[in-house]
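Architecture at a glance
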Amino acid sequence: MCGFVLAACNSAGGLSSPDVTNAPAAGFGNISSGSEEDFILNVGRRIYFEKGSAVVSDEAEMTIESQARWLKNNKKWLVKIQGHADDSGSDAAQKTLSTKRADAVMAELVKLGVDPKRMWVKGYGIERPVTDCDAVTCQVQNRRVVVNLREEFDDSAPQYR
């Protein structure tokens, strides 16, 4: 009897409910190739690091390779590479580490053929922490570089000055 009742919920008067399993996610149905949304969803913009390290891992290298391919095919975008750190150590040390992380990602992108004149780095240290998580998870997420697309240079870009 239960099965009959559930089946009735999926059809009314011979009409079946739409298949929503494979429907595009709300807000993401019309992502155009080469758009910022395309980069964020299909390539990924975050690279994570080990505690106290600016060494690009093998896993991070795969993301950077995807970013480089995408950026070489979408030359209209400028790239701001933002380094971040967790809260262990002095503010100055974390700012230095976050800049080294951003520099490491930029060096990999350049090595893979992305024009360095399109990119700049900014180390934020602990200024912009991820906060919507427990302490341990947030620390791991704060050891990151975020590759952001820009249409123009901002005041943190050396080219801007």
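Note that the coordinates shown come from a computational prediction; the quantities given were computed from them, not determined experimentally. (Residues numbered from 1 in each chain as written. Predicted model: local features only at pLDDT ≥ 70, side-chain atom pairs only at ≥ 80, totals over all residues. Heavy atoms only, no water.)

A look at the packing of helix α3 (residues 58–73) against helix α4 (residues 91–111)
Relative to each other, α3 and α4 sit at 55°, their axes nearing to 9 Å. Taken together, the axes of α3 and α4 are oblique relative to one another. Relative to α4, the crossing made by α3 is right-handed. For the pair formed by α3 and α4, the contact residues are Glu61, Ile64, Gln67, Ala68 and Leu71 on the first element and Val105, Glu108 and Leu109 on the second. Looking at the contact of α3 with α4 residue by residue, the classes come out as five nonpolar, one polar and two charged. (Axes fitted to C-alpha atoms, helices over the stretch in contact; angles between N-to-C directions. Helix = DSSP H or I, 4+ residues; strand = E, 2+ residues; numbered from the N terminus. Parallel < 35°, antiparallel > 145°, perpendicular 65-115°, else oblique. Left-handed = near helix turned anticlockwise from the far one by under 90°. Contact = heavy atoms within 4.5 Å. Nonpolar A, V, L, I, M, F, W, Y, C, P; charged D, E, K, R; others polar.)

Remarks on the environment of Asn148
Note that Asn148 resides in strand β6 (residues 144–150). Judged by its relative accessible area of 7%, Asn148 falls in the buried class. Sequence-wise, Asn148 and Arg46 are 102 residues apart; in three dimensions their C-alpha atoms are separated by 9.1 Å. The contact partners of Asn148, leaving out residues within four places of it in the chain, are Arg45, Leu78, Val79, Lys80 and Gln82. A distance of 2.3 Å separates a polar atom in the side chain of Asn148 from a polar atom in the side chain of Gln82. (Buried < 20%, exposed > 50% of the residue type's maximum accessible area, 1.4 Å probe, protein only. Polar contact = N/O pair within 3.5 Å; in protein donor to acceptor, adjacent residues only side chain to side chain.)

Quick notes on the pattern of salt bridges
A side chain with one charge can pair with a side chain of the opposite charge if their charged atoms come near. Counting across every chain of the model gives five salt bridges. The shortest N-O distance in the salt bridge between Lys51 and Asp86 comes to 3.6 Å. Taken together, the positions of Lys51 in the loop between β3 (46–48) and α3 and Asp86 in the loop between β4 (78–83) and α4 put the pair 35 residues apart, joining distant regions of the chain. Judged by its relative accessible area of 48%, Lys51 falls in the partly exposed class. Glu127 is the salt-bridge partner of Lys95, the closest N and O atoms lying 2.4 Å from each other. Linking Lys95 in helix α4 with Glu127 in the loop between β5 (119–123) and α5 (135–142), this pair joins segments that are 32 residues apart in sequence. What you see here is one network of salt bridges that share partners, running through Lys51, Asp86 and Arg143. (Salt bridge = Lys/Arg side-chain N within 4 Å of Asp/Glu carboxyl O.)

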